Amino acid sequence: MDTLKNVKSALAVANKDILEFINAFVDEKSFVETDAFVCSQNDVFDAPGEGVVSGFATVADSGVCLFATNPKVLKGSVGELNSKKIVRAVNNAVRMNKPLIAVWDTAGARFTEGIGALEGYGSILRAYTVAYGEVPVISVIKGNNLGLSSYVAGISDFVIAYADGVIATASPMVIAGKTGSDIKKVGSAKSAAENGLITHTVKNDKELRETLVKILRVYSESVPSGDDPNRICKGLKAGSPCDAVIKEVFDKNSYFAVRPEYAPVAVTGFATLGDVSVGGVATNISESGGRLTAEACVKISEFLNICENAECPVVFMADCIGTEQSFADAVLIREMSNLIYRVNSLSVDMFSVVYGKAIGCAYTALVSPCAYKIAWENAEIGALESEAAARLLYADEIKAAKNKDKAAEKLAAEYGGENCSAVKLAKSGYFDNVIEPNLTRSYLLAALLAHVE
């Protein structure tokens, strides 16, 4: 006979480790469990709590709904009954308008349940789909996330993986055997980060909590930075690297990157500007020849989805000479088209600063659609780089010159001054202002505050 004491004792033993893990990233004594007694009623196996712990808590005083699969119970496998428990946790987040934190450590489906397990997966993915865009969805890969639940990564705002976490559609052993891949790399957090599947990698529970706190602040009132809103950007000048621009423009110590290992020509992350949360998209001319790749387009598009869901203004910072030229041109066309659609369909305010070059599609996609546009005084903007345009337009004159490189350089300077100068273009109404680099923060902040209600 099941007595309350016996049931609670079995749950305490089965859930001890997973509860300790949850309490390591939520605020002290804030976790309240839901559906604690749910358990399959059969003689085949014992599944206390159905291998899932769910409930409510706070993280840095922000209310959240959460669930965590428990690998100590049937390897955290997904079945028909525990999927209902997971779905209820997701639905609670939507109903309560709270962020969802989903912790995955599962070997996959309970194959003994057959199609019931598949129905369970379907209900989870449907619930995720409803939640995505309605509330912040944060998926945490604690150990293994194998099988159909791996697809939650594509319908999450943020995916955080432990360094030894694994996310794959099947057992890494099976995938490695069929593809000849190194089993240590199949589904690894490092590989997933490099391919843009996960947004952050953490080493321990402390780093997980720190990352969650930073993410949740995007959706709530930001912590005052103490930075001077009138601070001058020291050291910024023509040719300044991307990381220096980011460091100087945004509030001190407020920036944290999203997908930093993936497609580094595009730099995406959140920060505050005058204590207002903003999404930052920068292009880094020192990577990939300064050209946007298909992967960079995907990275920016995915980040803009998060900004839209968070109702977070976006600041674009451009130093880019266009798009990559490769055999995979069709892929680039598709992903650049998706990016252009995403940028032009955003409902949040967008601001841009050209801090280097904005050539071709880099200007059209990332600068042109913005409500407020500024450029550094030495910025170069045009359909082609000045030298490329000069060599194309003045090919005969360069060919006839004794010193062809010097002639090309001179003609490029003349062409750039007449056609690609930020001041020249501002006179034609294409930019709101042309500024000295050290005033970038001041101008962006003034424009942001004018737009924020």
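Residues numbered from 1 in each chain as written. Predicted model: local features only at pLDDT ≥ 70, side-chain atom pairs only at ≥ 80, totals over all residues. Heavy atoms only, no water.

J.: Explain the overall build of the chain to me, and be specific about the residues and the numbers.
T.: Counting its regular elements, the chain contains 15 helices and 16 strands. Burial statistics for the chain: of 453 residues in total, 52% are counted as buried. Across the chain, the fraction of contacts at a sequence separation of at least 24, relative to all contacts at a separation of at least 6, is 68%. Carbon together with sulfur atoms contributes 53% to the accessible area of the chain, which is approximately 21300 Å² in total. (Helix = DSSP H or I, 4+ residues; strand = E, 2+ residues; numbered from the N terminus. Buried < 20%, exposed > 50% of the residue type's maximum accessible area, 1.4 Å probe, protein only. Contact = heavy atoms within 4.5 Å. Areas by Shrake-Rupley, 256 points an atom, 1.4 Å probe, with all protein chains shown as cover.)

J.: So what about a nonpolar patch on the surface? Which residues, and what values?
T.: Taken together, the side chains of Ile115, Leu118, Leu148 and Tyr151 make up a nonpolar region of the molecular surface, amounting to roughly 410 Å² of accessible area. If you trace the backbone, leucine 118 turns up in helix H3 (residues 115-131). (Patch = residues over 30% accessible without salt bridge, like charges linked within 9 Å, V, L, I, M, F, W, Y side chains within 5 Å. Salt bridge = Lys/Arg side-chain N within 4 Å of Asp/Glu carboxyl O.)

J.: Please provide a residue-by-residue account of the nonpolar core, values included.
T.: Among the nonpolar cores identified, the biggest contains 59 residues, and Phe25, Ile101 and Phe270 are the most heavily contacted of them. Considering every element that reaches this core, the biggest residue donor is helix H8 (residues 294-309), with eight residues. The contacts of isoleucine 101, once residues within four sequence positions are left out, are Phe25, Val59, Val64, Cys65, Leu66, Phe67, Ile138, Val140 and Leu212. One finds Ala131, Val135, Ile155 and Ile198 within the second-largest nonpolar core, a separate group that totals 32 residues. (Core = buried A, V, L, I, M, F, W, Y, C linked by side-chain atoms within 4.5 Å.)

J.: An account of the environment of leucine 346 is requested, with residue identities and associated values reported.
T.: Position of leucine 346 among the secondary structure elements: in the loop between helix H9 (329-344) and strand S13 (350-359). For leucine 346, a relative accessible area of 11% puts it in the buried group. Considered as a pair, leucine 346 and glutamate 311 are 35 residues apart in the sequence and their alpha carbons are 9.5 Å apart. In this structure, leucine 346 is in contact with Leu304, Glu308 and Val314, ignoring residues within four places of it in sequence.

J.: Lay out the pairing of strand S14 (residues 372-376) with the relevant residues and their values.
T.: Taking burial as the measure, the five residues of S14 include five buried ones, the bulk of the element. By the alternation rule, side chains of S14 split into Tyr372, Ile374 and Trp376 and Lys373 and Ala375, which are all buried. Bridging between S13 and S14 involves four bridges; their strand directions are parallel. Residue pairing across strands places valine 353 opposite isoleucine 374, the latter belonging to S14. One crossover worth recording links S13 to the parallel S14 by way of helix H10 (residues 361-366), and it is right-handed. Strand direction decides the pairing type here: S14 and strand S16 (residues 433-435), joined by three bridges, are parallel. Paired with isoleucine 374 across the bridge in S16 is asparagine 433. (Pairing = 2+ DSSP bridges. Right-handed = clockwise from strand over helix to strand, strands pointing away.)

J.: Outline the environment of leucine 425, supporting the account with residue identities and numerical values.
T.: Among the secondary structure elements, leucine 425 is positioned in helix H14 (residues 422-427). The exposure class of leucine 425 is buried, given its relative accessible area of 15%. In this structure the C-alpha to C-alpha distance between leucine 425 and isoleucine 381, which are 44 residues apart in sequence, comes to 8.3 Å.

J.: For the side chain of lysine 373, give the residues involved together with the corresponding values.
T.: Mapping lysine 373 onto the fold places it in strand S14. Comment: no salt bridge for buried lysine 373; closest opposite-charge side chain is aspartate 432, at 6.4 Å. Beyond its immediate sequence surroundings of up to four residues, lysine 373 is in contact with Ser352, Tyr363, Val367, Ser368, Tyr430, Phe431, Asp432 and Asn433. (Lys, Arg positive; Asp, Glu negative; His and termini not counted.)

J.: Describe H9, listing the residues and the values that go with them.
T.: For H9, which comprises 16 residues, the first-to-last C-alpha distance of 22 Å matches the rise-based estimate of 22 Å (1.5 Å per residue) to within 8%. Buried within H9 we find Leu332, Glu335, Met336, Leu339, Arg342 and Val343. The buried residues of H9 occupy one face: seen down the axis, they fall within an arc of 120°. Turned more than 90 degrees away from the buried face of H9 sit Ala330, Tyr341 and Asn344, all of them exposed. Those residues of H9 that are buried lie in contact with H8, strand S12 (314-320), S13 and H10. (Expected span 1.5 Å × (residues − 1). Arc of directions from axis to C-beta.)

J.: Please set out the packing of aromatic side chains residue by residue, giving values where relevant.
T.: Here the structure, examined in full by the defined rule, presents nine aromatic pairs. Three or more aromatic residues joined by ring pairs form one cluster here, namely Phe158, Phe256, Phe270 and Phe303. The lysine or arginine in question, lysine 142, covers the ring of phenylalanine 21, its NZ or CZ lying 5.0 Å from the ring centre. (Phe/Tyr/Trp six-rings, centres within 6.5 Å; stacked < 30°, edge-to-face > 60°. Lys NZ or Arg CZ within 6 Å of the ring centre and 35° of its normal.)

J.: Any chance you could break down the pattern of salt bridges for me, citing the residues and the numbers?
T.: For the structure shown, the criterion picks out twelve salt bridges. A salt bridge links aspartate 227 to arginine 231, with the nearest nitrogen and oxygen atoms 2.9 Å apart. A relative accessible area of 11% places arginine 231 in the buried class. Here aspartate 227 and arginine 441 are joined by a salt bridge, their closest N and O atoms 3.6 Å apart. With aspartate 227 in the loop between helix H6 (205-218) and helix H7 (242-249) and arginine 441 in helix H15 (residues 440-451), this residue pair connects regions lying 214 residues apart in the sequence. Like arginine 441, aspartate 227 is buried. The structure contains a network of salt bridges with shared partners spanning Asp227, Arg231, Glu248, Asp251 and Arg441.

J.: Talk me through the side chain of arginine 259; I want residue IDs and the actual numbers.
T.: Relative to the assigned elements, arginine 259 resides in the loop between strand S9 (256-257) and strand S10 (266-273). It is glutamate 302 that comes nearest to the buried, bridge-free arginine 259 among opposite-charge side chains, at 4.4 Å.

J.: Describe in detail H3, supporting the description with residues and values.
T.: Over its 17 residues, H3 extends 24 Å from the first C-alpha to the last, a length consistent with the 24 Å expected when each residue adds 1.5 Å. Among all positions of H3, only Gly116, Ala117, Gly120, Tyr121, Ser123, Ile124, Ala127, Tyr128 and Ala131 are buried. Down the axis, H3 shows its buried residues gathered within 160° of arc, on one side only. Those residues of H3 that are exposed and aimed more than 90 degrees away from the buried face are Ile115, Leu118, Arg126 and Val130. Elements in contact with the buried residues of H3: strand S3 (62-69), helix H2 (80-96), strand S4 (100-106) and strand S5 (137-146). After H3 finishes, the residue glycine 133 shows a positive phi value of roughly 95°.

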